[in-house]
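Listed below, chain by chain, are the residues.
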Amino acid sequence: MRFWKDFKSICGPLAMSLVLVFFLAPRPLEEARPVDAAAEIEAPETPLVALTFDDGPNRSTTTKLLDGLAQRGVKCTFFIVGEMIPGNEDLIERMAAEGHQIGVHSYDHVYLTGLSSADFQAQVGRTNGILSELTGGETFCIRPPYGAVDAGVEKKAPSALILWSVDPEDWKYKDAARVAAHVVSHAKDGDIVLLHDIYSTSVEAALDIVDVLHQRGFLFVTVEELAHARHVKLAPGQVYREFYP
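Residues numbered from 1 in each chain as written. Predicted model: local features only at pLDDT ≥ 70, side-chain atom pairs only at ≥ 80, totals over all residues. Heavy atoms only, no water.

A. View of the packing of helix α9 (residues 176-186) against helix α10 (residues 200-215). Across the interface, α9 lies against α10 with an axial gap of 8 Å and an inter-helix angle of 40°. The angle between α9 and α10 falls in the class oblique. Every pair of crossing elements has a handedness; the one defined by α9 and α10 is right-handed. Mapping the contact onto sequence places Ala176, Val179, Ala180, Val183 and Val184 in α9 and Thr201, Glu204, Ala205, Asp208, Ile209, Val212 and Leu213 in α10. By residue class, the composition of the contact of α9 with α10 is 9 nonpolar, 1 polar and 2 charged. (Axes fitted to C-alpha atoms, helices over the stretch in contact; angles between N-to-C directions. Helix = DSSP H or I, 4+ residues; strand = E, 2+ residues; numbered from the N terminus. Parallel < 35°, antiparallel > 145°, perpendicular 65-115°, else oblique. Left-handed = near helix turned anticlockwise from the far one by under 90°. Contact = heavy atoms within 4.5 Å. Nonpolar A, V, L, I, M, F, W, Y, C, P; charged D, E, K, R; others polar.)

B. Here's a closer look at unusual backbone geometry. Cis geometry is adopted by the peptide bond preceding Pro57, which originates at Gly56 and carries an omega value of 10°. Tracing the sequence through the fold places Pro57 in the loop between β1 (48-54) and α4 (59-72). The residue Ser106 is not glycine, and still its phi comes out positive at about 75°. Position of Ser106 among the secondary structure elements: in the loop between β3 (101-104) and α6 (117-135). According to the relative accessible area criterion, Ser106 is buried, its value standing at 0%. (Buried < 20%, exposed > 50% of the residue type's maximum accessible area, 1.4 Å probe, protein only.)

C. Just the pairing of β1, in detail. Of all 7 residues that make up β1, 7 are buried, and the element is covered over most of its length. The side-chain alternation of β1 yields two buried faces, one formed by Leu48, Ala50, Thr52 and Asp54 and the other by Val49, Leu51 and Phe53. Here β1 pairs with strand β6 (residues 219-220) via 2 bridges, running parallel. Bridge pairing in β6 places Leu48 opposite Leu219. Alignment of β1 against strand β5 (residues 192-196), held across 5 bridges, turns out to be parallel. Bridge pairing in β5 links Ala50 to Ile192. With 3 bridges connecting them, β1 and strand β2 (residues 77-80) associate as parallel partners. For Thr52, the partnering residue across the bridge sits in β2 and is Thr77. Handedness of the crossover joining β1 and β2 through α4: right-handed. (Pairing = 2+ DSSP bridges. Right-handed = clockwise from strand over helix to strand, strands pointing away.)

D. A look at α9. Within α9, burial applies to Ala176, Val179, Ala180, Val183 and Val184. All buried residues of α9 project into a common sector of 125° when viewed along the axis, lining one side. Facing away from the buried side of α9 by over 90 degrees, the exposed positions are Ala177 and Ser185. Of the surrounding elements, those touching the buried residues of α9 are α8 (170-173), β5 and α10. (Arc of directions from axis to C-beta.)

E. The arrangement of the side chain of Thr61 in detail. In this structure, Thr61 sits in helix α4. What makes Thr61 buried here is its relative accessible area of 9%. When residues no more than four places from it in sequence are discounted, the contact partners of Thr61 are Asp197, Ile198, Tyr199, Ser200 and Val203.

F. Broad picture of the nonpolar core. Counting 46 residues, the largest nonpolar core has Leu51, Phe78 and Ile209 as the members making the most contacts within it. Top element by residues in this core is α10. It accounts for 7 residues. Each residue touching Leu51, except ones within four places of it in the same chain, is listed here: Cys76, Thr77, Val193, Leu195, Ala206, Ile209, Val210, Phe220 and Val221. If you look at the next biggest cluster of nonpolar residues, it comprises 13 residues, including Ala50, Phe79, Ala227 and Tyr240. (Core = buried A, V, L, I, M, F, W, Y, C linked by side-chain atoms within 4.5 Å.)

G. Quick look at the confidence of the model for the protein. Taken as a whole, the protein shows an average pLDDT of 87; of its residues, 82% reach a score of 70 or greater. When the criterion is pLDDT under 50, residues 1-11 qualifies, and its contacts beyond four places in sequence or with other chains add up to 4 contacts. Counting contacts from residues 13-43, a segment whose pLDDT is below 50, to residues more than four positions away or on other chains yields 4 contacts. (pLDDT = per-residue confidence, 0-100.)

H. Structural context of α4. If you check α4, its first and last C-alpha atoms are 20 Å apart, about what 14 residues at 1.5 Å a residue would give, namely 20 Å. Buried within α4 we find Thr61, Thr62, Leu65, Leu66, Gly68 and Leu69. The arc that holds the buried residues of α4, viewed along the axis, is 165°, so those residues lie on one side. Exposed side chains of α4 directed beyond 90 degrees from the buried face belong to Ser60 and Gln71. Turning to α4, the residues buried within the fold contact β1, β2, α5 (89-97) and α10. Of the residues flanking the end of α4, it is Gly73, one or two places downstream, whose phi is positive at about 65°. (Expected span 1.5 Å × (residues − 1).)

Written as structure tokens, this is what we have:
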């Protein structure tokens, strides 16, 4: 206290004012936090794409695909043909264990349009039952072969009907580079991509697609995850081709 009185008498009012300004004035340069300020800027939403595979499982190609997806931490959706399951049950169980979505692609890849209720059950219900026994699931999304849907299919379907928005026609060209280039150039946020895991060229293309689109900031999800991200509740008999923002 004595020091402060002596200081005031020596320095005078002007010096005191300068001291108070120095200690009490705000110091913006020292307290600025550019990192925190930048964190407050909302980042753009991550683009999401669902890769889907039809007609499997196939022992060699589906195994290679599952290995590649596991290495990359990617989940996708497999639409299973029922007659392809015998002898490949372990692949179905692996798909479920690794977080992939599993769907029904009929029992022996026939058109579902125009079928009687009994025939529809033999194609869809039978496959659904086999998948249920293997995975513990109850009802699986349906991909009608050839993308063929009519009012009868919509009425009979016990679950959502999943089509697609990007089709590189991999079954036709069987050219990995061409298929990958088509998907990479067309894919956008919310797309469902159609591929077939029974062709080695399609497996090669799929892994290339993942690598390229990962570098562009895309995230790969299952169809159900994509629908959930877009706040869409999948409804039985409803057709879905994409889930755009």
